[in-house]
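Listed below, chain by chain, are the residues.
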Amino acid sequence: MNLPNCPKCNSEYVYEDGILLVCPECAYEWDPNEREEDGLVVLDSNGTRLSDGDTVTVIKDLKVKGAPKDIKQGTRVKNIRLVEGDHNIDCKVDGFGAMKLKSEFVKKL
Ligand SMILES: [Zn+2]
């Protein structure tokens, strides 16, 4: 089996310890099966981390620019996609279509 170099110090002497890989030079341990962090951390109103594909509910009525009505509190939004920026959730809301929401106004189901 071909083990990767240590991500911290680039040592070649990495060995396996159970499910973890261990670097003997800098003592770093990691799980090679854990998904790489993409750096985009989006938290909901409770501080729970959101992921692409999550379903969330809206926690307060939200005004929508150009729409005749608000998105009501409790509206369920499926299959969100996380994006960079102030409005960090890209999604489709029934009756409104594609839009971007702020994660602080939603809650993960
Ligand atoms: Zn190392």
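Above this text sits the structure in question.
Residues numbered from 1 in each chain as written. Predicted model: local features only at pLDDT ≥ 70, side-chain atom pairs only at ≥ 80, totals over all residues. Heavy atoms only, no water.

Q: What's the story with the sheet that holds strand 4 (residues 56-58) in this structure? I'm lost.
A: Strand pairs in the sheet, formed through backbone hydrogen bonds, run parallel or antiparallel to each other. The three strands lie next to each other as 5-4-9, forming an open sheet whose pairing is antiparallel. Here the strands that pair on one side only, and so sit at the sheet edges, are strand 5 (76-77) and strand 9 (106-108). As paired elements, strand 4 and strand 5 share two bridges and run antiparallel to each other. Note that in strand 5 the partner of V56 across the bridge is V77. (Pairing = 2+ DSSP bridges. Helix = DSSP H or I, 4+ residues; strand = E, 2+ residues; numbered from the N terminus.)

Q: Sorry if this is basic, but what is going on with the sheet that holds strand 2 (residues 20-22) here?
A: Taken together, the three strands give an open sheet; going across it, the order is 1-2-3, and neighbouring strands pair in antiparallel fashion. Both outer strands of the open sheet, strand 1 (15-17) and strand 3 (29-30), are each paired with one neighbouring strand and no more. Two elements, strand 1 and strand 2, share three bridges in a ladder whose sense is antiparallel. Within strand 2, the position partnered with E16 by the bridge is L21.

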